[in-house]
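Residue-level listing of the chains:
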Amino acid sequence: MNSLIFLLLKRIRLPIMLLIVSYATVILGFVLIPGQDDQGNVWHMSFFHAFYFVSFMGSTIGFGEIPYEFTNAQRMWTVFGIYATVTIWLYSIGALISTLQNPAFKKILKENEFRKKVRRIKEPFYLICGYGDTGKLLAHELSENHILSVVIDVNAERIDSLEIDEPDIDIPALSANASFPQVLEAAGLTHEYCRGIIALTSKDEINLKIAITARLLNKERMLDDHLMVVCRAETAEAEANMASFGTSHIINPFEVYARRLALSIRSPSAYLIYEWLTNPYHKVRSEPIKPPKGTWVICGYGRFGKAVARHLNYIGVKTVIIEASPDKTNPPEGTITGKGTEAVTLREAKITEAVAIVAGTNNDANNLSIVLTAQDEIKRYHTGRIKNQEYNDKYSLKYFSENINSNEQANKTVLQHNKLFSIARQNFSRNEQVFEKADLDFIMQPAGIVAGEILSIIKTPLLSTFLSLARRQKDQWANLLISRLSSFIDDTAMTWMVEISEKQTPAVMHFLKKDKITIKQILRHPRNRDKSLKSVVLLVHRKKRNKISRTYEVSNRNESLKIDNFLLPGGDFEINEGDQLLICGDKESMHLMCWSVSNINIYNYIHTGYELAGGYVWRWIHKYKLLQQEKKTG
Amino acid sequence: MNFEKVSFAFFVVFALTINFGFFIGEIDNPAHHHVFELFAAIVISLIATVIKLGDRTHIGAVLLATSLVADIHLFVAAIIWGIAEHVSVAGVTPDVMSIIVSVSGGALIANLTSVVLLVIETVVVRR
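Treat the numbers as computed from the prediction; the structure is a model and nothing was measured.

Student: Help me out: how do you make sense of the overall build of chain A in this one?
Tutor: Of the regular secondary structure elements, chain A holds 29 helices and 18 strands. Burial status across chain A gives 47% buried among its 634 residues. As presented, chain A carries roughly 34,600 Å² of accessible surface, and 53% of it is formed by carbon and sulfur atoms.

Student: Is there a simple way to think about the packing of aromatic side chains in this case?
Tutor: Aromatic ring pairs are defined here through the distance separating the ring centres and the angle between the ring planes. Residues and elements named next belong to chain A. All chains considered together, the criterion is met by 21 aromatic pairs over all chains. Summarising the aromatic geometry, the rings of Phe 56 and Phe 63 are spaced 5.0 Å apart at their centres and angled 55° between planes, so their arrangement reads as tilted. Owing to a relative accessible area of 4%, Phe 56 belongs among the buried residues under this scheme. An aromatic cluster is built from Phe 30, Phe 48, Tyr 52, Phe 53, Phe 56, Phe 63 and Phe 70, whose rings are joined through pairwise contacts. Over the ring of Phe 428 we find Arg 430, and its NZ or CZ is 4.4 Å from the ring centre.

Student: I tried to follow the interface of chain B and chain A on my own but got confused; where do I start?
Tutor: Note: interface size is frequently given as the accessible area lost on complex formation between the parts. Taken together, the contacts link 14 residues of chain B with 19 residues of chain A. Both sides together, the interface formed by chain B and chain A hides about 1,600 Å², and carbon and sulfur atoms give 82% of it. For the pair chain B and chain A, the number of links is zero salt bridges. Our count for the contact surface shared by chain B and chain A stands at three residue pairs in polar contact (both at pLDDT 80 or more). Mapped by element, the contributors of at least two residues to the side of chain B that touches chain A are helix H2 (35-52) and helix H3 (58-87) of chain B. Among the elements that make up the side of chain B that touches chain A, the one with the highest residue count is H2 of chain B (eight residues). Per-class residue counts for the side of chain B that touches chain A are ten nonpolar, two polar and two charged.

Student: Hey, could you run me through a nonpolar patch on the surface in this one?
Tutor: There is a patch of nonpolar side chains on the surface, built from Val 617, Trp 620, Ile 621 and Tyr 624 of chain A and spanning about 440 Å² of accessible area. Among the structural elements, Trp 620 of chain A can be located in helix H29 (residues 616-633).

Student: Is there a simple way to think about the packing of helix H2 (residues 13-32) of chain A against helix H4 (residues 72-101) of chain A in this case?
Tutor: For any two helices packed against each other, the geometry is given by the interaxial angle and the distance between the axes. Residues and elements named next belong to chain A. Running from N to C, H2 and H4 point in directions that differ by 165°, and their axes come no closer than 9 Å. If you check the angle between H2 and H4, you find them roughly antiparallel. The way H2 lies across H4 gives a crossing that is left-handed. Taken together, the residues of H4 that come into contact with H2 (itself represented by Leu 14, Pro 15, Leu 18, Leu 19, Ser 22, Tyr 23, Thr 25, Val 26, Gly 29 and Phe 30) are Gln 74, Trp 77, Thr 78, Gly 81, Thr 85, Ile 88, Trp 89, Tyr 91, Ser 92 and Ala 95. Class assignment for the residues of the contact of H2 with H4 results in twelve nonpolar, eight polar and no charged.

Student: Would you explain the sheet that holds strand S14 (residues 442-444) of chain A in this entry?
Tutor: Hydrogen bonds between backbone atoms are what pair the strands of a sheet, whose relative direction is either parallel or antiparallel. Residue and element names in this part refer to chain A. One open sheet accounts for six strands, arranged S11-S10-S9-S12-S13-S14; its pairing is parallel. Each of the sheet's edge strands pairs with one partner strand only, and the pair in question is strand S11 (336-337) and S14. Sheet topology note: the strand S10 (residues 319-323)/S11 ladder contains two bridges and is parallel. Within S11, the position partnered with Glu 323 by the bridge is Thr 337. Those strands touched by helix H14 (residues 303-314) are strand S9 (296-299), S10, strand S12 (356-359), strand S13 (421-425) and S14, and its axis lies near 160° from that of S9.

Student: Explanation requested: the confidence of the model for chain A in the structure shown.
Tutor: All names here are of chain A. Across chain A, pLDDT averages 80, with 88% of residues at or above 70. Low pLDDT, under 50, characterises residues 412-416; the predicted model gives this stretch nine contacts beyond four residues in sequence or across chains. Taken as a whole, residues 547-560 scores under 50 in pLDDT and shows ten contacts with residues more than four places along the chain or in a different chain.

Student: Just checking my understanding: could you explain unusual backbone geometry for this structure?
Tutor: Glycine aside, residues mostly have negative phi, and peptide bonds are mostly found in the trans state. Residue and element names in this part refer to chain A. A positive phi angle, close to 60°, is found at His 146, a residue other than glycine. For His 146, the location among the structural elements is in the loop between helix H6 (133-144) and strand S4 (148-153). Under the relative-accessibility criterion, His 146 is labelled exposed at 64%. With a phi angle near 55°, Lys 350 is a residue other than glycine that sits in the positive phi range. Summarising the element assignment, Lys 350 is placed in the loop between helix H16 (343-348) and S12.

Student: Whenever I open this one, the side chain of Glu 453 of chain A confuses me. Can you help?
Tutor: Residue and element names in this part refer to chain A. Examined against the element boundaries, Glu 453 turns out to sit in helix H21 (residues 446-459). You can call Glu 453 buried: its relative accessible area is 16%. Among the polar contacts listed, one links the side chain of Glu 453 to the side chain of Arg 260, at a separation of 3.1 Å. Excluding residues within four positions of it along the chain, Glu 453 makes contact with Ile 251, Val 256, Arg 260 and Tyr 274.

Student: Sorry, what's going on with the packing of helix H12 (residues 253-266) of chain A against helix H13 (residues 268-278) of chain A here?
Tutor: Residues and elements named next belong to chain A. Axis separation between H12 and H13 bottoms out at 5 Å; the angle between their running directions is 135°. Judged by the angle between their axes, H12 and H13 are oblique. Where H12 approaches H13, its residues Arg 260, Leu 263, Ser 264, Ile 265 and Arg 266 are matched on the opposing element by Pro 268, Ala 270, Tyr 271 and Tyr 274. Looking at the contact of H12 with H13 residue by residue, the class counts come to six nonpolar, one polar and two charged.

Student: What am I meant to see in the pattern of salt bridges here?
Tutor: Where charged atoms from two side chains of opposite charge come close, those side chains can pair. Residue and element names in this part refer to chain A. Enumeration according to the criterion identifies 13 salt bridges over all chains in this entry. Of the charged contacts in the structure, one is a salt bridge between Lys 117 and Asp 170, with a shortest N-O distance of 3.5 Å. Of this pair, Lys 117 sits in helix H5 (residues 103-119) while Asp 170 sits in the loop between helix H7 (156-165) and strand S5 (173-175), and the two are 53 residues apart along the sequence. The partner of Arg 158 in a salt bridge is Asp 153, and the shortest N-O contact between them spans 3.2 Å. A relative accessible area of 36% means that Arg 158 is categorised as partly exposed. A single network of salt bridges, built from pairs that share partners, joins Glu 65, Glu 69 and Arg 75.

Student: Honestly, the sheet that holds strand S7 (residues 228-232) of chain A in this entry has me stumped. Any pointers?
Tutor: All names here are of chain A. The sheet built from six strands is open, its strands ordered S5-S4-S3-S6-S7-S8 with parallel pairing. The open sheet has two edge strands, S5 and strand S8 (249-251), and neither has a second partner. Taken pair by pair, the neighbouring strands of this sheet meet at an average axis angle of 15°, ignoring direction. Bridge count between S4 and S5: three bridges; the pairing is parallel. Residue pairing for S5: Ile 152 is matched across the bridge by Leu 174.

Student: I tried to follow the pairing of strand S3 (residues 125-129) of chain A on my own but got confused; where do I start?
Tutor: A regular strand places its side chains so that they alternate between the two faces of the sheet. Residues and elements named next belong to chain A. Of all five residues in S3, five are buried; the element is thus mostly enclosed. Every second residue of S3 is oriented toward a common face, with Phe 125, Leu 127 and Cys 129 on one face and Tyr 126 and Ile 128 on the other, all of them buried. Two strands pair when backbone bridges link them, and S3 and S4 are joined in this way by five bridges, in the parallel orientation. Across the sheet, residue Cys 129 finds its bridge partner in S4, namely Ile 152. For the crossover that starts at S3, traverses H6 and ends in the parallel S4, the hand is right-handed. Bridge count for S3 against strand S6 (residues 194-199) is five bridges, and the pairing is parallel.

Definitions and cut-offs
Residues numbered from 1 in each chain as written. Chains lettered and ligands numbered in written order. Predicted model: local features only at pLDDT ≥ 70, side-chain atom pairs only at ≥ 80, totals over all residues. Heavy atoms only, no water. Helix = DSSP H or I, 4+ residues; strand = E, 2+ residues; numbered from the N terminus. Buried < 20%, exposed > 50% of the residue type's maximum accessible area, 1.4 Å probe, protein only. Areas by Shrake-Rupley, 256 points an atom, 1.4 Å probe, with all protein chains shown as cover. Phe/Tyr/Trp six-rings, centres within 6.5 Å; stacked < 30°, edge-to-face > 60°. Lys NZ or Arg CZ within 6 Å of the ring centre and 35° of its normal. Contact = heavy atoms within 4.5 Å. Buried area = accessible area lost by both parts, 1.4 Å probe. Salt bridge = Lys/Arg side-chain N within 4 Å of Asp/Glu carboxyl O. Polar contact = N/O pair within 3.5 Å; in protein donor to acceptor, adjacent residues only side chain to side chain. Nonpolar A, V, L, I, M, F, W, Y, C, P; charged D, E, K, R; others polar. Patch = residues over 30% accessible without salt bridge, like charges linked within 9 Å, V, L, I, M, F, W, Y side chains within 5 Å. Axes fitted to C-alpha atoms, helices over the stretch in contact; angles between N-to-C directions. Parallel < 35°, antiparallel > 145°, perpendicular 65-115°, else oblique. Left-handed = near helix turned anticlockwise from the far one by under 90°. Pairing = 2+ DSSP bridges. pLDDT = per-residue confidence, 0-100. Right-handed = clockwise from strand over helix to strand, strands pointing away.

Structure follows, in structure tokens:
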């Protein structure tokens, strides 16, 4: 702020100086030039009168010739004075306005405002670098969840769009290059309330630099896990590089999506759980989508195509790859060269024998074209075959029809659907409407995937632990969980975390000191303890400080902290202090549970079945009553 | 040698000398203290202030501060003079004159500090 005023003053130094000089000259002139008073005596203006006169003359107010009428000499001097002072005034005002409107000055003004806003933050916040599709989605989701974020983007237009969007919370935003450490520092990288840095720029290089800066400027806090660094990475090398210096979470949208796709083929139920719990909108779909097993055609062997092909091959699905420039991307043997938008290329890839098509190029229009062409091709093939069959039946050409029938057996899945399973990659969120209208089974949106992943990391850090454990379970396990969840969740599934601690669950802690508490008890309904809440404990995360191992393995500090994860604990599982519970249930249950674990009177009812009296007197009477009862029963 | 440095030193020193010129003389004798001198002192002091604006160094800040102090002193002196001459019935009496001159003495000290700082800076830079 200080430097701002100085900068302004420095810029208008010349106009101010000219003003002073012109005023001084004109005032001095009036004092020196002799005038006449009303009796015709020689009269000299004093400095006070001269200053008074020049003040209203220079500002063109003009009260007239005071205190006595002027002589001609004085009038001549006045003419000179008017032109001199008025011109200089106009010049000064012009200079001041042009300085204020100078883009450089405005930028400093904005930067100052931003710094001040960030400095004044008194609640936990996340620093988002890059306000593209992903950043936008994430910032809005966070603001809807009442989590503050600070945004930096190198592109000033995007920052302006943030101001137009008007999110619920006032998000401090600055257009600056996030790869400069001083910019990150101004944006609150070293702020005590900064909970994490999220690097979402489109360049891996810059994300990498942000991660390194965050790591070096916050050494102590990173070690204690107070600061989270999340990076978007689009290549494996960048991912490995980021992981090498302790970036908390690295999200590669292509890798994440390919993994999910593979999961949905291998175990549709597990995928449904995955989607259920990570989808930020929590829309529940009752029936899992089942991508078919068979040959998949992948168009575009870029980062996305490679990830999909690898994951599909890993679970034993055959892939045929179409790539426009094979010399650049090094696809495997048997790759068909071409864009995939033409029917010829698709026919060459034997699209009619395939079960699914993945349009994964980095061009949205091409992706849509690929899917539409492929679907047309399949349709034409089927109508052609039906006509063939009719023709054969007509002329009773048995031999051919038999041959076709056997072929039909082989392609049974295709025939049943009569349709290709299609996945398209949507690179830009502005194309959303077109993609929704296209007949697609899955739409791969890198922005949505990254935002969803980060949001679940921020909101429920245990969720990713749970999901990675769940991925290793069998399909049957997932089916059981789904039936259990869908039995009480109608529209929206919420996942939330509860830590058994004085801060979060004071009521539970009170009873935990005296008694054992099980999962079943904690999930009792606060209005009627015979009922239980519509929720399931998905995971119990227990940190155990193991004293013996600490002495052995001082070098590795992670070893001293032993972590136990209990997947889907049963109703009689005992809770310890410090446990973190991941719970899934409906919205109402979430509120009820948050109420019961923090209100001692409510929890007392849940635990004992008695309604606890509030004040000392009532508590004493209650105790007395209990004593009487005990005496009676003996 | 550059023009900026010359004008800077010129105005800083000039503010001191002209202030001194007004200050010198018997403290309560209006004949020894001319109003034009006070006017010139104010104008030069203002110009010196503006010239010092925008310097981000520490010594620049102190220089600006001394200049502002001198300005305030001289303004107060001028306002007292104006009130004595035009508002009060008694006019500029020796009592009032002594007040005006002693206030301008304060400005003199401030301007002196300014010059001392200027000399120190010049010596330190040694170019």
